[in-house]
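One letter stands for each residue in the lines below.
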Amino acid sequence: MIFNPAEENEYEAACGLLVHRFDRWAGENGIDADPFVAEAALEYRHLGTPDGRLGLWDQRHIEEFLLDWVPRSVTVFPDEEPADAPGTLRALLRYLDAFHLADPRGASLAQGLEAVDAAAPRYAEAMADRSRWGMAKFWITTAAEQGVDVHDEQALQDFVGRAQRREVPYDPKVLQTIVARQIRSSGPVRSEPQLPIALPGDDVLREQADRSPVLRQLRDLAEWVGRDGRTLTGSGRLRLSDARELVARLDTGDGTDSVRSAADLPRLNLLVEWAKTARLIRVVKGKLHAVAKAEPVLNDPLELWRRAFDAFCELRGPVRGARGGRYRKSVLSGAYDLYDVILPDVLATLYSLPYPMPWPALRDTVRLAHRSPSLLGAFATFEQADDDLRTVLGVLESLGAIECHWGTADPVFADLAMSENDIVGWAGIPTEDDDDPETSSGVLPGMPTGRAGLGEALPDDALLDGALLDGEATRRARKLKSELSADPVELIRLTDLGTDSVRRRLLAEGRDAPLIGELAQAPEAGLLGVLADHYDPESARAELAGWIAAHGARPAALEQLVHTVRTMPFRTRAEAMLDVLVSSLDDGELLLRSLRSDPSLAPTALSLLARREILSPEDLTEPESLLMVAESLLQLYEATGADGAREVLHQQGREAEEALRAALASGHPDREGLTDLQALAERVSRERKAHVALVRQRGHRRNGGRGGKRRR
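Residues numbered from 1 in each chain as written. Predicted model: local features only at pLDDT ≥ 70, side-chain atom pairs only at ≥ 80, totals over all residues. Heavy atoms only, no water.

Chemist: Explain the overall build of the protein here, please?
Modeler: Each helix and strand in the protein was counted, giving 33 helices and 8 strands. Considering the protein as a whole, with its 712 residues, one finds that 47% of them fall into the buried category. Total accessible area on the protein is roughly 35,300 Å²; 49% of this is exposed by carbon and sulfur atoms. (Helix = DSSP H or I, 4+ residues; strand = E, 2+ residues; numbered from the N terminus. Buried < 20%, exposed > 50% of the residue type's maximum accessible area, 1.4 Å probe, protein only. Areas by Shrake-Rupley, 256 points an atom, 1.4 Å probe, with all protein chains shown as cover.)

Dropping the structure here:
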């Protein structure tokens, strides 16, 4: 379950239905749960986390919700007791699991409950800690504590006025802490979805890692340093004789003839700093020592490679080389740091691309996404920035994280090359000609939305500055198109090792990064739910084939999958699950047709057959037509909520009441849904009768207050 932040109405409807049914389930099972807390939990996952997956809860989500989100955003007035958020969260996790809504890639139910139990003892203290409160909660609680009726708008406005005039007593230290925290944290930004990727097993990755030239150099460096250590100069550098020995031993390619200090050997300096950052060697009392605890890592190529990759992403100046011990400043290190912003963006952009990225496209995308007006005065061109980026990519190639080769760029890049009219669109800003303002013209077919986020942090005026659309920019656009059309062009892609490590970093950031094969042991509902929400058709076929292969005979495995759709109580989700199942099978249409007569799945199957234009209304029997009416109304109710469905039905007048009566008499298997429709039908009927009575009353008054028939 996931909604784009822009899908506000859809999320509100789904959240309302989920909380409503959760509250009903809790009452029927004698569970004391607070629906407001359940709604807050869903809102936290929707708006407060990078991935937005409502059904996925890990330990970090549970702790952050109970110890940060609720204390910061849920207000408790002086005469109230804090809600039992841990108890409600336990119940919500049980509900998600029982009704097949939990994402199998998160913690299991047992692990989730254990995490709640671990965080629960700290919940009361967190709620009482005013420094954890949000700004709105701080002021509304302060007002209530001082006797202000916070439900009285005028009284609240008067309080705000007194607070602005500093006539309200409050703790300034607490407020200062809240403000400081709010300034430091702007909140999570929803991450762009990533396409599922396929990776070989660890054994294959380990063999690939063992062939990395950088790993050989890091091992040799640690071995040369040894546990006894090597003495450094007073400035903390290698002695020149040792440096020359290492240049030859490690084959760094540094020239040593005219150097007067180890500081003039950039490649060797890079390896030394890299090994330090990777915790393979360290400086102790003026000597360089090998780290004893790193020995197991040095003996495992894959673990060493992963540690080296992570360490590389923490390095700064050493990658760009040095002269006289001072690292030169990069043009990309001003408003946008090469490592903190640009490198993660570049790696995320290369991740899961269906085809290699041409260097000219990557280069110009970085230029546009991170071009700042403040840099234009000092740098007329971006050659230095290009050099910095090429240097970083070169080191990553030596490590084995990317590979570069020459070939023909996929035509999609040339099609989207900047022109005089679409420069802004290429950079991810909709142009006036875009049909859909929600989708930038720079999105490549088959690629992750937004090309994985280059330019996400771009200030509005950086690209809208008039300097961007000058003659130079037009010339650059034409040059790019020419470069992309040339053959051959340099193409860049992540290797398996690079893809594996970028994925690990994305997961550590809380982002969704599906891996084909990771659902092989997932429950049936979890499998189909994830495929429906996160997988493209080709990847879904591969994942489903792997799941079926891992579950024995194909007919039995398919029956398990069909059965889990039968037991899904939410109509729109059941249809999405069945849709992805039949779409991922060679004989999917045959399966779908066979379910037309299934007592439980007939409405879902009929709806899909109609959507796919396999069946027309004339092909349906009368009972099937009634089931379709009921299915349509149930899905309308889920998609728009009770109020939205009521509004739609009001517009249809008597026809809506007839449709509701037909749905209730259809024999649709969703009894809980029909209960909701029954309540909706009664409400619509009452409101229509009240409206008719009001119209008649007004007509009666217009006729002079006389009843009976009008005289001709």
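Chemist: Even after reading the chapter, I still don't get the packing of helix α4 (residues 85-98) against helix α5 (residues 109-119), so can you show me in this structure?
Modeler: When two helices pack together, their arrangement is given by the angle between their axes and by how far apart the axes lie. For the pair α4 and α5, the least separation of the axes is 10 Å and the interaxial angle reads 175°. Comparing their axes, α5 and α4 come out roughly antiparallel. Residue-level inspection shows P86, L89, R90, L93, R94 and D97 of α4 in contact with α5, the latter providing L109, G112, L113, V116 and D117. Among the residues making up the contact of α4 with α5, the classes are represented as 6 nonpolar, 1 polar and 4 charged. (Axes fitted to C-alpha atoms, helices over the stretch in contact; angles between N-to-C directions. Parallel < 35°, antiparallel > 145°, perpendicular 65-115°, else oblique. Contact = heavy atoms within 4.5 Å. Nonpolar A, V, L, I, M, F, W, Y, C, P; charged D, E, K, R; others polar.)

Chemist: Just checking my understanding: could you explain the sheet that holds strand β3 (residues 287-290) for this structure?
Modeler: Within the open sheet, the 3 strands sit side by side as β1-β3-β2. Their pairing is antiparallel. The sheet is open, and its two borders are formed by β1 (230-231) and β2 (281-284), each paired with just one other strand. The sheet contact formed by β2 and β3 spans 4 bridges and is antiparallel. Within β3, the residue paired with V283 across the bridge is L288. Of the strands in this sheet, β1, β2 and β3 are in contact with helix α11 (residues 213-225), which crosses β3 at around 115°. Where helix α13 (residues 266-277) meets the sheet, it contacts β2 and β3, and its direction lies at approximately 90° from that of β2. (Pairing = 2+ DSSP bridges.)

Chemist: Explain the sheet that holds strand β6 (residues 357-358) here, please?
Modeler: Within a sheet, each strand pairs with its neighbour through backbone hydrogen bonds, oriented either parallel or antiparallel. Strands sit in the order β6-β8-β7 across an open sheet of 3 strands; the sheet is antiparallel. Of all strands in the sheet, those bounded by a partner on one side alone are β6 and β7 (402-407).

Chemist: Mind showing me how you'd approach the pairing of β3 here?
Modeler: Along any regular strand, the residues point their side chains to alternate faces of the sheet. The pairing of β1 with β3 spans 2 bridges and is antiparallel. Pairing of R230 across the sheet is with L288, part of β3. The antiparallel hairpin formed by β2 and β3 contains 2 residues in its connecting segment, where K285 sits at a positive phi of about 50°.

Chemist: Would you mind going over the nonpolar core with me for this structure?
Modeler: For soluble globular proteins, the rule of thumb is that nonpolar side chains tend to be buried together. Of all hydrophobic cores here, the largest spans 94 residues; its most connected members are W57, F65, L66, L89, L561 and L581. The residues contacting L66, other than those within four sequence positions of it, are P71, A85, P86, L89, V116, A119 and Y123. (Core = buried A, V, L, I, M, F, W, Y, C linked by side-chain atoms within 4.5 Å.)

Chemist: Mind showing me how you'd approach the environment of T495 here?
Modeler: Take T495: it is sitting in the loop between β8 (489-494) and α24 (496-508). Counting along the chain gives 91 residues from T495 to C404, while the straight-line C-alpha distance between them is 9.8 Å. Residues within four places of T495 in sequence aside, it is in contact with G400, A401, I402 and E403. Engagement of the side chain of T495 in a polar contact is seen with the backbone nitrogen of G498, the distance being 3.1 Å. (Polar contact = N/O pair within 3.5 Å; in protein donor to acceptor, adjacent residues only side chain to side chain.)

Chemist: Any chance you could explain the packing of aromatic side chains here in plain terms?
Modeler: Two numbers describe a pair of aromatic rings. These are the distance of the centres and the angle of the planes. Scanning the entire structure with this criterion turns up 15 aromatic pairs. Between the aromatic rings of F3 and Y11, the centroid separation amounts to 6.1 Å while the plane-to-plane angle is 70°, which identifies the pairing as edge-to-face. With relative accessibility at 18%, the residue F3 sits in the buried group. Its relative accessible area of 4% is what places Y11 among the buried residues. Each ring, one from W305 and one from F309, has its centre 5.6 Å from the other, and the planes form 10°; the classification is stacked. Of this pair, W305 and F309 both sit in helix α15 (residues 301-312), 4 residues apart, roughly one helical turn. F309 matches W305 in its accessibility class, with the two residues each being buried. Three or more aromatic residues joined by ring pairs make a cluster, and in this case those are F22, W25, Y95 and F99. (Phe/Tyr/Trp six-rings, centres within 6.5 Å; stacked < 30°, edge-to-face > 60°.)

Chemist: I tried to follow unusual backbone geometry on my own but got confused; where do I start?
Modeler: A negative phi holds for most residues other than glycine; trans holds for most peptide bonds. Phi is positive for H100, which is not a glycine, with a value near 60°. Here H100 is to be found in the loop between α4 and α5. Although it is not a glycine, R279 sits at a positive phi angle of roughly 60°. Within the fold, R279 resides in the loop between α13 and β2.

Chemist: Would you mind going over the pattern of salt bridges with me for this structure?
Modeler: A pair can form between side chains of opposite charge whenever their charged atoms are brought close. One pass over the full model with this rule turns up 43 salt bridges. Close ionic contact of R132 with D129 constitutes a salt bridge, the shortest N to O distance being 3.4 Å. A relative accessible area of 34% places R132 in the partly exposed class. For the salt bridge of R216 with D220, the shortest nitrogen-to-oxygen distance reads 3.4 Å. Note that R216 and D220 are positioned in helix α11 at a spacing of 4 residues, about one turn of the helix. Residue R216 is classed as partly exposed on the basis of its relative accessible area of 35%. Via salt bridges that share partners, R45, D51, R53, D103, R105 and D512 belong to a single interconnected network. (Salt bridge = Lys/Arg side-chain N within 4 Å of Asp/Glu carboxyl O.)

Chemist: What is the right way to look at the side chain of H289 in this model?
Modeler: You can see H289 is positioned in strand β3. Engagement of the side chain of H289 in a polar contact is seen with the backbone oxygen of R227, the distance being 2.9 Å. Every residue in contact with H289, bar those within four places of it in the chain, is listed here: V225, G226, R227, D228, G229, L280, I281, R282 and V284.

Chemist: Would you mind showing me how to read a negative patch on the surface here?
Modeler: There is a patch of like negative charges on the surface, built from E8, E12, E39 and E43. The set of elements that each furnish at least two residues to the negative patch consists of α1 (8-28) and α2 (35-47). Within the fold, E39 resides in helix α2. (Patch = residues over 30% accessible without salt bridge, like charges linked within 9 Å, V, L, I, M, F, W, Y side chains within 5 Å. Lys, Arg positive; Asp, Glu negative; His and termini not counted. Charge placed at Lys NZ, Arg CZ, Asp CG, Glu CD.)

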